[in-house]
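Notes for the structure review
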Amino acid sequence: MQGMKLGLAFMLFESFYAISLPTDPIHREDWKGATHWIMKNATTSDLILVLEPQFTYYRMRTNKKLKAFGIWSLDQNVSDNEKVFIMDGYSMMEHNNQRNEAIFTTAMLKQGFHKENMVKFGGQDGHTVVFVFKRNS
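The model shown is predicted, which means the values in this text are computed figures rather than measured ones. (Residues numbered from 1 in each chain as written. Predicted model: local features only at pLDDT ≥ 70, side-chain atom pairs only at ≥ 80, totals over all residues. Heavy atoms only, no water.)

**Notes on the environment of Asp 46**
Checked against the element boundaries, Asp 46 lands in the loop between helix 2 (31-41) and strand 1 (47-49). Residues Asp 46 and Phe 133 lie 87 residues apart in sequence; the distance between their C-alpha atoms is 9.8 Å. Among the polar contacts listed, one links the side chain of Asp 46 to the backbone nitrogen of Thr 43, at a separation of 2.8 Å. Within the local environment of Asp 46, its side chain forms a polar contact with the backbone nitrogen of Lys 83, the two atoms lying 3.3 Å apart. (Helix = DSSP H or I, 4+ residues; strand = E, 2+ residues; numbered from the N terminus. Polar contact = N/O pair within 3.5 Å; in protein donor to acceptor, adjacent residues only side chain to side chain.)

**Quick notes on the pairing of strand 3 (residues 83-89)**
With respect to burial, strand 3 is a largely interior element, five of its seven residues being buried. When strand 1 meets strand 3, the two strands line up parallel, connected through three bridges. Its bridge partner lying in strand 3, Ile 48 is registered against Phe 85. (Buried < 20%, exposed > 50% of the residue type's maximum accessible area, 1.4 Å probe, protein only. Pairing = 2+ DSSP bridges.)

**Section: helix 2**
Residues three or four positions apart in an α-helix share a direction because the helix packs 3.6 residues into each turn. Regarding helix 2, the residues found buried are Trp 31, Ala 34, Thr 35, Ile 38 and Met 39. The arc that holds every buried residue of helix 2, seen down its axis, measures 130 degrees, which confines them to one face. The inward-facing, buried residues of helix 2 contact strand 1, helix 3 (54-59), strand 3, strand 4 (113-121) and strand 5 (128-135). (Arc of directions from axis to C-beta. Contact = heavy atoms within 4.5 Å.)

**Some points on the confidence of the model for the chain**
Per-residue pLDDT for the chain has a mean of 76; in total, 68% of the residues score no lower than 70. Ignoring residues within four places in sequence, the model shows residues 15-19, a span with pLDDT below 50, making two contacts including any to other chains. (pLDDT = per-residue confidence, 0-100.)

**Let's talk about the packing of aromatic side chains**
To describe a pair of aromatic rings, one takes the distance between the centres and the angle between the planes. Following the criterion strictly, the structure yields four aromatic pairs and no others. With a centroid separation of 5.5 Å and 65 degrees between ring planes, the pair formed by Phe 104 and Phe 131 is classed as edge-to-face. Placement of Phe 104 in helix 4 (residues 94-110) and of Phe 131 in strand 5 is noted, with a sequence separation of 27 residues between them. With respect to burial, Phe 104 and Phe 131 carry one shared label: buried. Of the aromatic side chains, those joined through ring pairs into one cluster are Trp 37, Phe 85 and Phe 121. (Phe/Tyr/Trp six-rings, centres within 6.5 Å; stacked < 30°, edge-to-face > 60°.)

**A closer look at the pairing of strand 5**
With six of eight residues buried, strand 5 is to be regarded as a mostly interior element. Bridge analysis of strand 3 against strand 5 gives seven bridges, and the strand direction is antiparallel. Residue pairing across strands places Ile 86 opposite Phe 131, the latter belonging to strand 5. Across eight bridges, the pairing between strand 4 and strand 5 is antiparallel. Pairing of Phe 113 across the sheet is with Arg 135, part of strand 5. In sequence, strand 4 turns back onto strand 5 through a hairpin of six residues, with Gly 122 there showing a positive phi of about 100 degrees.

Shown next as structure tokens:
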């Protein structure tokens, strides 16, 4: 029983430690940094499409109200927004990252948007990225 309590205490400490780090040292993901960047740069006329629960966890710690956020599907109509922020997790396979970027860009081009920015989080080899698409004038 005492071993079980000790194991549970270690797991709780380990989870708290991982969340408190700016970047996950193993996966090189920085959901906190990406969420804070989105919250700083998005306006109420923008749509934010994210990975759950990472975004929600860190967004709850801010007071900024945003128009919408949720998990994105390729056929979702986003044309009534000025900008669209898409949070994605890169994989260790570079070809998967290029494929995801191409899929997002193609889908957004079809709806009259162009890629304005792409920001990586988690350092040089970070695996968290935010794509920003802006509606064509």
